[in-house]
Amino acid sequence: MAKGAIDRGSNRFFRLAPILVLNGSLLMHILRLAQFRVVCLLALIVILPASQVSAQQVATDPTSTHIFPAGGRRGTVVPVRVGGECLPPYTRFRLVGDGVSADAELVEKVTGNYEASPRRKPGETPMNYPREWKSAITIAADAPLGQKLWRVSSARGGTGARPFMVGDLPEFIETESNSVPEKAEQLTLPVVVNGQIAGERDLDYFRFTGIENDVVSIDVAAARLGSSLDPVVELTDENGRRLPIEGFRIGSDPVLVFRVPKSGEYRLLVTNLNFRGGPQYVYRITISTAPFVKFAFPPGGLAGTSGTVELFSAIAANSTKSWTEKITFPAGPAGPFVFSNAISSPHPVLLETTDLPTLVEAEPNDGVSTATSILPSMAAYGRLSRSADEDWYTFTAVKDQPLTIECRAFPPGFGALPVVTVCDAGGLGLATVSTAEKLPAPCRIDWRAPADGKFLIRVRDVRQGQSDGVDAPYCLTVRPTRLNFTLTATTDNANMVQGARGEIDLKIDRQGGFFLPIDLHIDGLPSGVRVEPVQIPAGLDQVKLAFIAEGETRPGDSILKITGKAKSGNEIISCGLTAKHLGRDTEDVSLGLPTVDHLQLTVRHKPVFRLHCNEAYQYAYRGTIYPYLMEIDRLDGFDGPVTLEMADRQIKDLDGVEIINSTFSAGTSQLMLPLYMPENMHINVQAHSNVYSQGYVVFQDKWGQRQSMLQVSEMRCMIRPLPTVVKLRVVEKSIALRPGEKAGCTLHLDRTTNFSGALSVELVSPPPGIRLERVTIPADATDAVAVLSIAEGVTFSPQRQLTFRAQGDLPGGVKVVSEATVPVFSGP
């Protein structure tokens, strides 16, 4: 038997190895008993199933990762690639928001023309490999601008929502390769650029024409989309000289604003801060000469009133110009909204309405003597416009009067971290609260006046005196303390299996000494599902909300609205739950609102199969396709086919190892899964390869619904790679090809004593018009002549190469594979 072919029926080591891990103490005890023979030991311990040896080491729940492009223009149909992990065919695709629609299922896998990642030594870091699915989003001509959301779900569960943006500017989709300045893609401003840093160390170059004295803004959205990308952007002139431009950030994302020094071509580089890349490293860049409005001041007003706001447009990193606009603050509940005005800013202007009368700080108010007067039931808007700036306010209170004082940056994302101190009339501090220390809780004080009289409030930034400051507005509210609460979920989706439970975390922000129990009212709960608890006990500020499904609950998705209610005397205190979606950065800054007012609940179908293998090391040569035994347990009468593929999540770098997709036929429970071990795997870097596979099925449930389910193998295919047995080479350094003629080259095979068989040779992905005539390297032979037929009219790019692949057979179903590449050029 060849060295790489394992006889699983007789090789005792491979049956024994996993048991040694679990039963080491038992093994040592038995070995001390000299009268026991090893064969008896094996008989004692192999009775344990392999599934007990080690736990699954990768997550198995479905996850969305990205959509590309991440937005589109009104009145268009946008082809998109929806990215995720552990998603089977016929995954459900749901859009949330007015004016957008798409097919309800993801059926066809697709991939982009990505920049190849450079070859590197493999590491032990867990690796994820998202797949992409084809879809198209139709955007109505009158669709509201801004953020829409999308989700995916299947019989294995649902995912959190991610954003898809609707805009009114022209859209540009990057095309690889644009990784060198000479291949920079031409843009016409204004434009929204959609790109992916899809390969490790990928660089994306773009170029545009700038007109002298125009102010160009470059707003890079990545983290605000929930992207994995930490973008680095660089601007150069047509000679490649880097422009000395300082930018600012909105949340975690960079923005460049510069005045064009002279008319000409400018180049923009986009890449990732580290070397990582992949289809999920998505970005969306708005480049425009329209005024980039950073913020409005004041950024809010009493609901239902009218006034004016000053709009601040960036003209450089730390410089702005402003103008005023009239505005009517919408009536209704207090909250944020996007300001629409005659000026079309590439950056949405976020404002808010309040339930309190408002005032604007009156500069100078940097000290006790110049403090701005505020009433104990009012909202004040101010700006900390420089490093040393601080704002003082004065108010009057009576002894023991309870007041709640709160300060927050608005709009979010510009880096302001207010610190609030309540002082006596002389400026001596009585109580202090800091945004930086309280996060993620609000910067808020529940305070009682120690005596009748005047008091002061001091507002400053936590970094006062340490930097150039952050020119961003804030909202300071002073109101009589009242009992109140808010409910927040840390995720906007929940999953549970039929007959089981799923949980999410709820956080309760209790205000004004509120201590009462809270009754939960849930709209949209499907039949067969109940919730525990239905009441949040008094005093708790965090609770796990459990959804429990009966065994025969119909699987599928439901949208839930959750409201908390509490009774204080004759007053009913009510609050709707908000939940965080995935399209936000670490500061909860999004391109729209970072929360939604609902949860998606997915009742998962019971598993219909389990996938596993013998997690014991086997040996295979590099440069072979090795058959690894996989097994499935069929559950609840499921008897259909199961398709196997490489798992989307792996515990380490695969170093080029691939799984050749295979299918368990209906009714079968065993399959020899082909594992391709590349001949160019690194030597002496990884001692072994641990490969997870995954399988999916499509079936009809008892309710007549189409269901698709994906299961990750509970155990790994474990391979120790051995040296190659053959190596194919092309003797010629290059080949001249002439249209309408034939060309030949000599193939040489370096053999080892482990392989003497014949190999057939083919071209890998031959270009149109080139055909390889049948060629075989006979057993024990080392050379063969390959003859290529070239059709009339064929042309070749300067970097064109041809790859020959030779394949042969080893015992045990193992296939030998070796490849050789040779440059080709058009002959005279």
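Quick summary incoming for the structure in this document.

Rules used in this analysis
- Residues numbered from 1 in each chain as written.
- Predicted model: local features only at pLDDT ≥ 70, side-chain atom pairs only at ≥ 80, totals over all residues.
- Heavy atoms only, no water.
- Helix = DSSP H or I, 4+ residues; strand = E, 2+ residues; numbered from the N terminus.
- Buried < 20%, exposed > 50% of the residue type's maximum accessible area, 1.4 Å probe, protein only.
- Contact = heavy atoms within 4.5 Å.
- Areas by Shrake-Rupley, 256 points an atom, 1.4 Å probe, with all protein chains shown as cover.
- Polar contact = N/O pair within 3.5 Å; in protein donor to acceptor, adjacent residues only side chain to side chain.
- Pairing = 2+ DSSP bridges.
- Axes fitted to C-alpha atoms, helices over the stretch in contact; angles between N-to-C directions.
- Core = buried A, V, L, I, M, F, W, Y, C linked by side-chain atoms within 4.5 Å.
- 1 Å grid on protein atoms, 1.4 Å probe; cavity = no way out; pocket = protein on both sides within 12 Å on 5 of 7 lines; lining within 4 Å.
- Points joined across faces, edges and corners; volume = space filled by probe spheres on them.

1. A word on the overall build of the chain
Looking only at helices and strands, one finds four helices and 71 strands in the chain. Dimensions along the principal axes, computed over C-alpha positions, put the chain at roughly 100 × 75 × 55 Å. Of all 828 residues assigned to the chain, the portion counted as buried reaches 50%. For the chain, contacts bridging at least 24 residues in sequence account for 70% of all contacts bridging at least 6. If you sum the accessible surface of the chain, you get close to 36400 Å²; carbon and sulfur atoms cover 51% of it.

2. Let's talk about unusual backbone geometry
For residues that are not glycine, phi is negative in most cases, and the peptide bond is trans in most cases. Cis rather than trans, the peptide bond between Phe297 and Pro298 has omega equal to -5°. Along the chain, Pro298 falls in the loop between β23 (292-297) and β24 (300-302). Omega for the bond connecting Leu439 with Pro440 falls within 30 degrees of zero, at 5°, which places this linkage in the cis form. Here Pro440 is to be found in the loop between α4 (435-438) and β36 (444-448). Phi at Asp400 is positive, roughly 65°, even though this residue is not glycine.

3. Quick look at the side chain of Asp219
Summarising the element assignment, Asp219 is placed in strand β17 (residues 215-221). Among the polar contacts listed, one links the side chain of Asp219 to the side chain of Arg224, at a separation of 2.7 Å. When residues no more than four places from it in sequence are discounted, the contact partners of Asp219 are Arg224, Pro254, Val255, Arg284, Ile285, Thr286, Phe292 and His347.

4. Concerning the sheet that holds β23
On the basis of which strands lie adjacent, the open sheet formed by three strands has the order β23-β25-β26 and antiparallel pairing. Of all the strands in the sheet, the pair left with one neighbour each is β23 and β26 (319-328). Recorded for the sheet is a direction-independent mean angle of 30° between the axes of neighbouring strands. Alignment of strand β25 (residues 306-316) against β26, held across 10 bridges, turns out to be antiparallel. Looking at the pairing, Phe312 lines up with Ser322 of β26.

5. Looking at the side chain of Ser217
Position of Ser217 relative to the elements: it lies in strand β17. For Ser217, a relative accessible area of 2% translates into the label buried. Beyond its immediate stretch of four places on either side in the chain, Ser217 contacts Leu256, Val257, Thr286, Ile287, Ser288, Ala290, Phe292 and Pro346.

6. Here we look at the nonpolar core
If you look at the biggest cluster of nonpolar residues, it comprises 67 residues, and the most contacted ones within it are Leu737, Leu788 and Phe804. In this structure, Ala494, Ile508, Val543 and Leu599 belong to the second largest nonpolar core, which totals 31 residues.

7. With respect to the layout of surface pockets
A probe matching the size of a water molecule, rolled over the atoms, marks out where space remains unfilled. Of the volumes computed, that of the second largest pocket is approximately 1500 Å³. For the second largest pocket, the lining is made up of 46 residues, of which Tyr129, Leu654, Gly656, Val657 and Glu658 are closest to its centre. Elements represented by at least two residues in the lining of the second largest pocket include exactly β7 (109-110), β8 (127-128), β9 (131-139), β54 (642-646) and β56 (658-659).

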